[in-house]
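One-letter residues, chain by chain:
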Amino acid sequence: MIFDVEYETMPREALETIQLKRLQATCERAYATVPFYRKKFDDAKVKPADIKSLDDINRLPFTTKQDLRDNYPFGMFATPMDKVIRIHASSGTTGQPTVVGYTKKDIDTWASLMARALAAGGATKDDIIHNAYGYGLFTGGLGVHYGAEKLGASVIPVSGGNTKRQIIIMKDFGPTILTATPSYTLHLAEVAEEMGVDFKELKFKFGIFGAEPWSEKMREEIELKLNITAVDIYGLSEVMGPGVANECFQAKKGLHVFEDHFIPEIIDENTLESQPFGTSGELVFTTITKEAFPIIRYRTRDITMLNPEPCICGRTMVRMNRVSGRSDDMLIIRGVNVFPSQIESVLMETEGVDPHYQLVVDRADNLDMLTVMVEIGEASFFDEVKKLQHLEQTITENIKETLGVSVKTKLVEPKSIARSEGKAVRVIDNRKI
Ligand code: DLL
């Protein structure tokens, strides 16, 4: 089902007319109300009135996470606080959190876009949605929740954690849609198994997973274990939260970006030049309808590419490929750029290992060493030492072959890597650089 047929299937030309009008209005407002933007525009010698076509977006300055931190907590808000009805913050792994605000209209827009996202992922008003994204400052829980209500589905606001209780709820309430991070989903599957609950006998049909990178192989694994169709959902607090883009269950080939509200661009992260469709680079977003927290050319650090080809689902909005990594969580191991997701793909190709892993980076004698800690499956656990050594060697060789980097592989017991209830911690970087 398409939630908003008029906009989601709009011909490109009509869409671009709307985008330009909204972009111009956003620039005017940001310039008039946020001192940060006024200064940035002035420094770049550009005025809102200079934006005469969509291409002129290239003239606008970028916004970075550091800018948000410098204006902590409310310095980038474009409306007075009496118009702000909700505040979220993204914890971030280092430094200050980034804080975002929403007006009543912003919350309403977000709910509608999340309803679009859920519908693209297979949900209808007849579904029961088990929402295991965390509720709180994180945008996942409440974002999905409001969208589910807008769609008219029944939502179970279970949040993350208390995993055994989640399984009991799944058995008793019979939810048909699961929303959670992919890593927590795999943990749910594990705990269900321990409790003797077969996911295949539950009522789930679709799962809408995101908030962290995951691979195509992980999708296969989840689909198989849960007997569902799994789609990818993307979003970030600075731009709105979940529901910036979502895969359709018909194609499962890239996430439709809701371009009537966000203009996506791909840039070369070094030259900052705009890149054409089909080129991989850093994703940049400009919001064009947000009131409390408009953001202009925000550098997400997420690496992907845009695909304008028509989709079998009927939506005309451009698709972004699944995020292949972040330009800033990219590890550089003895000069080789390594994305955790690339290692994950290699692991997923390897028989006998579970999709739970952690990458530990150390530096000894000025040399980086990447250790890949990976859980072996229950079935391989009792294999003889020689066989396990062989498995370690195979993984090491496969990583070397695919990524060109030498790593140390360490097999660990099933279930020994800490499980997350939200986003998985994949990298432990002990280097003090
Ligand atoms: O993670 C919003 C969200 C909630 C999205 C629930 C989807 C589902 P933040 O905490 O601000 O917001 O983190 C945003 O998470 O820049 C990406 O690096 C990463 N991310 C989000 N979705 C995906 C995805 C939420 N589908 C950051 N694939 C983003 C890969 C993702 N990475």
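Higher on the page you've got the structure.
Residues numbered from 1 in each chain as written. Predicted model: local features only at pLDDT ≥ 70, side-chain atom pairs only at ≥ 80, totals over all residues. Heavy atoms only, no water.

Peer 1: So what's going on with the pairing of strand β3 (residues 128-131)? Which residues, and what values?
Peer 2: One ladder, built from three bridges, connects β3 with strand β4 (residues 154-156); its direction is parallel. What sits directly across from Ile-128, in β4, is Ser-154. Handedness of the crossover joining β3 and β4 through helix α6 (residues 139-151): right-handed. In this sheet, strand β5 (residues 177-180) lies alongside β3 in parallel orientation, the contact comprising three bridges. Opposite His-130, over in β5, you have Leu-178 as the bridge partner. (Pairing = 2+ DSSP bridges. Helix = DSSP H or I, 4+ residues; strand = E, 2+ residues; numbered from the N terminus. Right-handed = clockwise from strand over helix to strand, strands pointing away.)

Peer 1: I'd like to hear about the site of the ligand, residue by residue, with values.
Peer 2: Of all residues adjacent to the ligand, which total 21 residues, the nearest are Asp-232, Ile-233, Ser-237, Asp-302 and Lys-423. Between Asp-302 and the ligand, the recorded distance is 2.6 Å, taken from a side-chain N or O atom to an oxygen atom. Between the ligand and Lys-423, the relevant distance is 2.9 Å, taken from an oxygen atom to a side-chain nitrogen or oxygen of the residue. If the ligand stood free it would expose 610 Å²; the protein chains cover 93% of that surface. (Near = heavy atom within 4 Å. Polar contact = N/O pair within 3.5 Å; in protein donor to acceptor, adjacent residues only side chain to side chain. Areas by Shrake-Rupley, 256 points an atom, 1.4 Å probe, with all protein chains shown as cover.)

Peer 1: Quick rundown of the packing of aromatic side chains? Include the residues and the values.
Peer 2: What the rule picks out here adds up to 10 aromatic pairs. Both rings, one in Phe-74 and one in Phe-77, keep their centres 5.1 Å apart while their planes meet at 35°; by these two values the pair is tilted. Taking relative accessible area as the criterion, Phe-74 reaches 36% and is therefore assigned partly exposed. Consider the rings of Tyr-102 and Trp-110, whose centres lie 4.8 Å apart with planes at 10°: the pair is stacked. Just as Tyr-102 is buried, Trp-110 falls in that class too. Among the aromatic residues, those joined into a ring-pair cluster are Phe-74, Phe-77 and Phe-293. Taking NZ or CZ as reference, Arg-86 lies 4.7 Å from the ring centre of Tyr-146, over its face. (Phe/Tyr/Trp six-rings, centres within 6.5 Å; stacked < 30°, edge-to-face > 60°. Buried < 20%, exposed > 50% of the residue type's maximum accessible area, 1.4 Å probe, protein only. Lys NZ or Arg CZ within 6 Å of the ring centre and 35° of its normal.)

Peer 1: Tell me about the sheet that holds strand β15 (residues 325-326), and name the residues and values.
Peer 2: Paired through backbone hydrogen bonds, the strands of a sheet run either parallel or antiparallel to each other. One open sheet holds the four strands; their spatial order is β10-β11-β12-β15, and the pairing between them is antiparallel. Edge positions in the sheet fall to β10 (262-267) and β15, since each has one partner strand and no second. Pairing analysis gives six bridges linking β10 to strand β11 (residues 281-287), with the strands arranged antiparallel. Note on β11: the bridge partner recorded for Phe-262 is Thr-287.

Peer 1: Let's hear about the side chain of Thr-63: which residues, and what values?
Peer 2: Among the secondary structure elements, Thr-63 is positioned in the loop between α3 (35-43) and α4 (65-70). With near-sequence residues (within four places) excluded, Thr-63 lies in contact with Phe-36, Tyr-37, Lys-40, Leu-68, Met-76, Ile-295, Ile-296, Arg-297, Tyr-298 and Arg-299. (Contact = heavy atoms within 4.5 Å.)

Peer 1: So what's going on with the pattern of salt bridges? Which residues, and what values?
Peer 2: One pass over the structure, following the stated rule, counts 28 salt bridges. Lys-150 serves as the salt-bridge partner of Asp-108, at 3.3 Å between the closest nitrogen and oxygen. Of this pair, Asp-108 sits in helix α5 (residues 104-120) while Lys-150 sits in helix α6, and the two are 42 residues apart along the sequence. Given a relative accessible area of 43%, Asp-108 falls into the partly exposed group. Residue Glu-375 pairs with Arg-419 through a salt bridge whose shortest N-O separation is 2.8 Å. (Salt bridge = Lys/Arg side-chain N within 4 Å of Asp/Glu carboxyl O.)

Peer 1: A description of the pairing of β5 should follow, citing residues and the corresponding values.
Peer 2: Neither face of β5 is exposed, since Ile-177 and Thr-179 on one face and Leu-178 and Ala-180 on the opposite face are all buried. Note: β5 against strand β6 (residues 206-210), four bridges, orientation parallel. Residue Ile-177 lies in a different strand from β6, and its bridge partner there is Phe-206. Taken together, β5, helix α8 (residues 182-194) and β6 form a β-α-β motif whose crossover is right-handed.

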